[in-house]
Amino acid sequence: MNSVTYIANDRYAFEVATLTAILRSIFDERIAAYPRPTDPAEAYERVHVALRAARFVDLGEPRVINGRVEPERYRDLVEALATLEPDAVTGTIEADQVKLALAEVGAILPESAREGETAVLLTFNS
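From a predicted model like this one, the values you see are computed outputs, not experimental measurements.

K.L.:
With reference to specific residues and values, describe the overall build of the protein chain.
P.N.:
Of regular secondary structure, the protein chain possesses 5 helices and 4 strands. Taken from N to C terminus, the helices and strands of the protein chain fall in the order β-α-α-β-β-α-α-β-α. Taken over 126 residues, the protein chain has a buried fraction of 33%. Long-range pairs, those at least 24 residues apart, make up 65% of the contacts in the protein chain with a sequence separation of at least 6. Accessible surface, the protein chain as shown: approximately 7900 Å² in total, 56% of it carbon and sulfur.

Encoded structure:
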């Protein structure tokens, strides 16, 4: 498992919004292309490029594995984000889904979560 990475709240909000917009765009393109199947590798590549551009995690050196460019680290995070399914209620990718993937798979949280963690520990210990 990756060690926990905390990033500034405003930067975290920006990156979540950016990733959400990219994932919504990919989903919208799949709908527009229906019934023609879309290439899942394209979603993977676009998420990989977005995470690499964001630079809030070190993906390591890119490698070619099975004909596709893969990061040295955080492959599971790229895969988790690229394969998100739309929310059952709204029918689109939601920011909360992106946040959950970042937290569960990438161990990436906003700085405010660190403050909450301290408060929880203090409450628990008293």
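K.L.:
I'd like a description of helix α4 (residues 95–104), backed by residues and values.
P.N.:
Taken residue by residue, α4 has Gln97, Val98, Ala101 and Leu102 as its buried positions. With its buried residues spanning 135° around the axis, α4 presents them on a single face. Those residues of α4 that are exposed and angled more than 90 degrees off the buried face are Asp96 and Glu104. For α4, the secondary structure elements touched by its buried residues are α1 (9–33), α3 (75–82) and β4 (108–110).

Definitions and cut-offs
- The residue count restarts for each chain, going from 1 along the sequence in the order it is written.
- It should be noted that, the model being predicted, local features are given only for residues of pLDDT at least 70 and side-chain atom pairs only at 80 or more, the latter also being counted only at that level, while totals for whole chains, interfaces and linings use all residues.
- Computation of side-chain values covers all heavy atoms of the structure but excludes hydrogens and water.
- For the purposes of this entry, the term helix denotes a DSSP run of H or I that reaches at least four residues, the term strand denotes a run of E that reaches at least two, and both are numbered from the N terminus.
- Working definition: with a 1.4 Å probe on protein chains only, accessible area under 20% of the residue-type maximum means buried, over 50% means exposed, and in between means partly exposed.
- When checking whether two residues touch, look at their non-hydrogen atoms; a contact exists if any pair is within 4.5 Å.
- Where accessible areas are quoted, they stem from the Shrake-Rupley method and a 1.4 Å probe; at the residue level, only the protein chains shown are allowed to cover.
- In this description, one arc is meant: the one made by directions from the helix axis to the C-beta atoms.

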